[in-house]
Amino acid sequence: MQLGEAVAALAVGHVVTSAVGMGAAAMARRSPRPDNAEDPAEVHGRDAHLTKVVSMMYSGGGLDSAACTDDVTFTDPAASCHGRAEVAEAFRALRACHPEHIQPPLAGAKMPLDDGSSYTIQLHQRYFAGARFLPMQGLEVHSTLIVRVASDGRICAFEERWNGAPLFSLSPFRFARRVNGLISAMLTPLLV
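Below, the structure is looked at part by part. (Residues numbered from 1 in each chain as written. Predicted model: local features only at pLDDT ≥ 70, side-chain atom pairs only at ≥ 80, totals over all residues. Heavy atoms only, no water.)

1. Let's talk about the overall build of the chain
This is how the line gets drawn: Helical segments are the DSSP runs of H or I of at least four residues, strand segments are the runs of E of at least two, and each set is numbered from the N terminus. Exposure classes here rest on a 1.4 Å probe applied to the protein chains alone. A residue is buried below 20% of its type maximum, exposed above 50%, and partly exposed in between. Note on contacts: a residue pair qualifies if any of its non-hydrogen atoms lie within 4.5 Å across the two residues. The protein chains shown are the only cover counted for residues, whose accessible areas, like all others here, come from Shrake-Rupley with a 1.4 Å probe.
Within the chain, the secondary structure is distributed over 4 helices and 6 strands. Out of the 192 residues in the chain, the part that is buried amounts to 42%. Intrachain contacts of the chain at a sequence separation of at least 6 include 63% that bridge at least 24 residues. Of the accessible surface of the chain, which amounts to about 10600 Å², a share of 61% is contributed by carbon and sulfur atoms.

In structure tokens, the structure reads:
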């Protein structure tokens, strides 16, 4: 096998793996908003702070870097970004998608973990509203965002699950998401 063939095979494998991971999440049966989700008027303290940070991120306001650890991560079916700079760039670039809330982010259940806490926030978003290349009124996405908080109270991880579907955890999918995150971090400053 020649080097060119090997690179092409690797690139095709990466594209196929990325497409399968994203397609499975996009086509998953949407899970309903949980009964244990909190009414936005009743959200206080840590939940209110996390919901505010997430609301700003997903409305195009960018990442509140002070609310995050240096090694914060963001993972969704498409990409995995590591470190404050990569995550901030991902949410800076999101502005180009013209994000808007269809429903405000809704705090869900708190789940204790060994090294901190994990919270869920339900998202119902629209992207590309008014875009001519879409036959509909933008791209509508329902997702569950899992926010992990370190022991010092700062956010250490975001995991977005489209339609509430867990991310594929096999190594080819993790690798493809990470490569997509690196490519995005390099290219979006040049393109957006």
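2. Some details on helix α2 (residues 45-57)
Threshold: Multiplying 1.5 Å by the residue count of a helix minus one yields the expected span of that helix. Picture the helix axis, draw a direction to every C-beta atom, and the arc is the one those directions span.
An ideal rise of 1.5 Å per residue puts 18 Å on 13 residues; α2 measures up with 19 Å between its terminal C-alpha atoms. Those residues of α2 not exposed but buried are Asp47, Leu50, Thr51, Val53, Val54 and Met57. Burial along α2 is one-sided: seen end-on, the buried residues are contained in an arc of 160 degrees. Along α2, exposed side chains directed more than 90 degrees from the buried face belong to Gly45 and Lys52.

3. Details of the environment of Ala67
Looking at the secondary structure, you find Ala67 in the loop between α2 and β1 (68-75). Once the C-alpha coordinates of Ala67 and Val149 are considered, the two residues, 82 residues apart in sequence, prove to be 9.7 Å apart.

4. A few points about the pairing of strand β6 (residues 155-162)
Two faces belong to every sheet, and in a regular strand the side chains alternate between them. For clarity, the threshold we go by: Whether two strands pair depends on DSSP finding at least two bridges between them.
The buried count for β6 comes to 6 of 8 residues, which makes it a mostly enclosed element. The sheet contact formed by β1 and β6 spans 4 bridges and is parallel. By the bridge assignment for β6, Phe74 is matched with Phe158. Strand direction decides the pairing type here: strand β5 (residues 139-150) and β6, joined by 7 bridges, are antiparallel. Paired with Thr144 across the bridge in β6 is Arg161. Linking two consecutive strands that pair antiparallel, namely β5 and β6, is a turn of 4 residues; a positive phi of about 95 degrees is found at Gly153 within it.

5. Examining the side chain of Glu160
Spelled out, the test is: Charge counting follows a simple rule: Lys and Arg are positive, Asp and Glu are negative, and His as well as the terminal groups are ignored. Salt bridges, as used here, are contacts in which a Lys or Arg side-chain nitrogen is within 4 Å of a carboxyl oxygen on Asp or Glu. Pairs of N or O atoms within 3.5 Å make up the polar contacts considered here, provided that, within protein, one atom can donate a hydrogen while the other can accept it, and that residues adjacent in sequence are counted only when both atoms are side-chain atoms.
Among the structural elements, Glu160 can be located in strand β6. For the buried Glu160, no salt bridge exists, and the shortest N-O distance to an oppositely charged side chain is 11 Å, to Arg161. Only 3.0 Å separates the side chain of Glu160 from the side chain of Ser143, close enough to count as a polar contact. In this structure, Glu160 is in contact with Tyr58, Phe74, Thr75, Asp76, Pro77, Ser143, Thr144, Leu145 and Leu167, ignoring residues within four places of it in sequence.

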